[in-house]
Amino acid sequence: MDTLQKITALCKRRGFVFPSSEIYGGWEAAYDFGSLGVEVLNKLRRLWWSEFVRKRSDVAGLDGAIISHPRVWEASGHTELFADVMVEDTVTNRRYRADHLIDLIEDGMKPEEVDEVIKKNNIKSPDGYPLSKARYFNQLVEVQVGTLEDSKSKAYLRGETCQPIFYNYALVKDSMRMKIPFGIAQIGKAFRNEIKVGPFFFRTREFEQMELEMFISPKDSQKYFDELKSISKLWVESLGVNPEKLRFREQSPKEKAHYNKIAHDLEYEFPYGWKEFQGIHYRTDWDLKRHGEYSNTDFTYTDEETGEKFIPHIAEYSIGLSRLLYVLLFDAYTEEEGRVVLKLDPKVAPYDAAVFPLVKNKEDLVVKARDVYQNLINTGLNVAWDDRGNIGKRYYSQDEIGTPKCITIDYDTLKDDTVTVRDRDTMKQERVKISDLSRMVKL
Ligand code: ATP
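Keep in mind that this is a model prediction, so the values were computed, not measured.

Calculation notes
- Residues numbered from 1 in each chain as written.
- Predicted model: local features only at pLDDT ≥ 70, side-chain atom pairs only at ≥ 80, totals over all residues.
- Heavy atoms only, no water.
- Helix = DSSP H or I, 4+ residues; strand = E, 2+ residues; numbered from the N terminus.
- Buried < 20%, exposed > 50% of the residue type's maximum accessible area, 1.4 Å probe, protein only.
- Contact = heavy atoms within 4.5 Å.
- Areas by Shrake-Rupley, 256 points an atom, 1.4 Å probe, with all protein chains shown as cover.
- Salt bridge = Lys/Arg side-chain N within 4 Å of Asp/Glu carboxyl O.
- Polar contact = N/O pair within 3.5 Å; in protein donor to acceptor, adjacent residues only side chain to side chain.
- Core = buried A, V, L, I, M, F, W, Y, C linked by side-chain atoms within 4.5 Å.
- Pairing = 2+ DSSP bridges.
- Axes fitted to C-alpha atoms, helices over the stretch in contact; angles between N-to-C directions.
- Expected span 1.5 Å × (residues − 1).
- Arc of directions from axis to C-beta.
- Phe/Tyr/Trp six-rings, centres within 6.5 Å; stacked < 30°, edge-to-face > 60°.
- Lys NZ or Arg CZ within 6 Å of the ring centre and 35° of its normal.

Looking at this structure, how should I read the overall build of the chain?
Looking only at helices and strands, the chain features 15 helices and 23 strands. Counting only C-alpha atoms, the chain reaches 75 × 65 × 50 Å along its principal axes. Burial status across the chain gives 50% buried among its 443 residues. Contacts in the chain between residues far apart in sequence, at least 24 positions, make up 65% of those at least 6 positions apart. In the form shown here, the chain has an accessible surface area of approximately 21,600 Å², with 49% of it arising from carbon and sulfur atoms.

Shown next as structure tokens:
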């Protein structure tokens with residue numbers, strides 16, 4: 001089994017990630033986050049929000065609608081330009097994203113260019129059959145909305161979370177009394193009709209993004225672009241991700257989305273290669289210019305000090321929430337000394353600690369352990385309770401899900417109010433006073 005298979009199996013067995021609708025045979029590219037997965041996602045959402053919204057007086061939050069006016073997606077250019085080039089196996093009818101099929105095809109090539117590469121190099125499908133002519137495939141997911149069958153109208157599930165940020169720009173600016181430069185941040189779901197999905201939940205059709213859009217003067221674009229690059233990478237490193245497995249890569253002109261002038265991807269080195277999990281983009285004044293044109297709104301901003309007038313430009317920081325979890329799992333997965341350990345930073349581990357009574361059939365031990373457990377929970381920690389099997393098995397089980405500290409209540413606890421605390425990474429055990437526990441676990 002390779003690491004991907006091992007992580008996939010662990011995620012299902014221990015309740016991080018389930019294949020969606022499994023009892024109906026599964027639903028391609030959709031995943032449900034189980035009880036432990038949702039704990040990590042909630043922690044990530046909280047940490048990100050605290051870092052990029054709460055701690056910054058120049059950033060305001062937003063939670064926009066998933067289905068907005070369809071004109072939003074015309075103005076943004078998505079109905080026309082948000083497309084990948086696709087080819088189809090003429091025998092099996094399997095569809096492929098052209099740039100994923102072969103290295104010679106670059107993301108952003110036109111269908112004619114793809115056809116030429118296929119012809120020149122006599123490229124066949126992975127099953128060895130001829131390929132169809134290449135064509136564009138729009139990634140927006142369409143929905144029908146309305147109550148009466150004949151008056152339903154076509155709308156779109158949002159293809160990126162940032163569009164509500166753009167069309168609400170003036171409302172946020174005025175209600176929060178912001179001046180440029182300032183940012184609007186949002187966490188939420190986005191939907192894309194991806195041709196090629198996977199591996200596992202790396203690329204899915206429904207996913208969540210955490211985005212910060214900085215509205216700036218064009219003369220400050222380099223400064224904010226560089227700042228977003230630096231603070232976003234530092235934040236990922238603060239989650240414990242190995243810095244040696246992180247790098248920025250600049251997207252080639254063809255690869256870039258229609259709204260980007262400059263795009264740098266932060267990539268992680270997986271066992272199967274470097275892959276993107278966040279982007280820093282300079283979107284110029286594309287967004288507010290287009291929304292201005294399509295909605296007849298004047299977004300011209302006047303700098304109070306210099307009198308300079310301009311349409312605000314945008315520097316964007318966009319990171320996929322579930323893709324970040326995917327990176328964290330790969331970075332944390334460790335096999336050593338006959339055990340599997342998820343070496344997640346305690347900040348993002350599903351449980352902060354686990355509490356065990358040494359044995360489960362001694363009432364005074366169980367009562368004491370329940371007391372310790374409840375007190376830790378009351379301090380805001382997420383704590384697991386385990387009284388099954390022997391202590392060794394419980395350690396094994398907690399290591400596998402990344403619980404940083406295991407706390408055992410034994411006979412000495414009843415005498416002197418101390419417990420054994422075992423560290424996940426060093427496996428060292430120490431005797432600790434119950435009154436010191438919550439401080440120790442919170443570290
Ligand atoms: P990719 O090339 O991987 O499809 P992208 O360049 O289209 O991604 P962006 O539009 O820049 O991605 O989105 C920003 C971030 O959103 C990505 O770095 C990624 O973390 C996340 N993301 C984008 N598409 C998906 C998806 N289909 N599934 C999961 N996460 C995604």
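There is more to say after this.
Got a minute to help me understand the pattern of salt bridges in this structure?
Side chains that carry opposite charge are capable of pairing whenever their charged atoms lie near each other. Under the criterion given, the structure shown has 46 salt bridges. Asp352 is paired through a salt bridge with Lys43; the nearest N and O atoms lie 3.1 Å apart. Residue Asp352 is found in the loop between β18 (339-342) and β19 (353-357), and its partner Lys43 is found in helix α2 (residues 35-54); the two are separated by 309 residues along the sequence. By the burial criterion, Asp352 is buried, and Lys43 matches it.

How should I be thinking about the side chain of Thr284 in this particular structure?
Along the chain, Thr284 falls in strand β13 (residues 273-284). In this structure the side chain of Thr284 is engaged in a polar contact, spanning 3.2 Å, whose partner is the backbone nitrogen of Trp286. Discounting residues that sit within four places of it in the chain, Thr284 has contacts with Lys261, Pro312, His313 and Ile314.

How should I be thinking about the nonpolar core in this particular structure?
Note on soluble globular proteins: their nonpolar side chains tend to be buried together. Ranked by size, the top nonpolar core spans 55 residues in total, and within it Trp48, Leu212, Trp235, Phe277, Tyr317 and Leu324 carry the most contacts. At nine residues, the largest contribution of residues to this core is made by helix α11 (residues 321-332). Apart from the residues lying within four places of it in its own chain, the contact partners of Phe277 are Val236, Leu246, Leu266, Glu267, Tyr268, Ile319, Gly320, Arg323, Leu324 and Val327. In terms of nonpolar packing, the next biggest core, distinct from the first, is built from 19 residues, Ala353, Leu365, Ile409 and Val419 among them.

What is the right way to read the sheet that holds strand β3 (residues 59-62) from this model?
Strands sit in the order β3-β9-β10-β16-β13-β12-β11 across an open sheet of seven strands; the sheet is mixed. Here the strands that pair on one side only, and so sit at the sheet edges, are β3 and β11 (246-250). For this sheet, the mean inter-axis angle between neighbouring strands, taken without regard to orientation, is 25°. In this fold α2 packs onto β3, β9 (182-191), β10 (206-216) and β16 (313-320), with an angle of close to 160° to the strand it touches most, β9.

It is not clear to me how helix α9 (residues 221-238) should be interpreted in this structure. Could you clarify?
Every α-helical turn comprises 3.6 residues, leaving residues that sit three or four positions apart pointing alike. Here α9 spans 26 Å end to end across 18 residues, near enough to the 26 Å set by a 1.5 Å rise per residue. Residues Ser221, Tyr224, Phe225, Leu228, Lys229, Ser232, Trp235 and Val236 constitute the buried set of α9. When α9 is viewed along its axis, its buried side chains cluster within an angular range of 140° and face the same direction. Seen from the open side of α9, the exposed residues pointing more than 90 degrees away from its buried face are Lys223 and Leu234. Downstream of α9 by one or two residues, Gly240 has phi in the positive range, about 95°.

So what exactly am I meant to see when it comes to the sheet that holds strand β6 (residues 135-138) here?
The strands making up a sheet associate through hydrogen bonds between their backbones, and the pairing can be parallel or antiparallel. As summarised here, the arrangement of the three strands in space is β5-β4-β6, forming an open sheet in which the pairing is antiparallel. Each end of this open sheet is capped by a strand with a single partner; those strands are β5 (95-97) and β6. The average angle at which neighbouring strand axes cross in this sheet is 50°, direction not considered. Bridging between strand β4 (residues 83-88) and β5 involves three bridges; their strand directions are antiparallel. Across the sheet, Val87 pairs through a bridge with Tyr96, a residue of β5.

Help me understand the packing of aromatic side chains in this model?
Two aromatic rings, taken as a pair, are described by how far apart their centres are and by the angle between their planes. Counted by the stated rule, this structure contains 25 aromatic pairs. Look at Trp48 and Phe52: their rings are 5.4 Å apart centre to centre, the planes differ by 45°, and that puts the pair in the tilted class. Of this pair, Trp48 and Phe52 both sit in helix α2, separated by four residues, roughly a single helical turn. Using a relative accessible area of 1% as the deciding quantity, one classes Phe52 as buried. Arranged with centres 4.9 Å apart and planes meeting at 75°, the rings of Phe200 and Phe201 form a pair that is edge-to-face. The class of Phe200 is buried, set by a relative accessible area of 12%. Three or more aromatic residues joined by ring pairs make a cluster, and in this case those are Tyr31, Phe33, Phe200, Phe201, Phe202, Tyr268, Phe270, Tyr272, Tyr326 and Phe330. Between the NZ or CZ atom of Arg422 and the centre of the ring of Tyr395, over which it lies, the distance is 4.3 Å.

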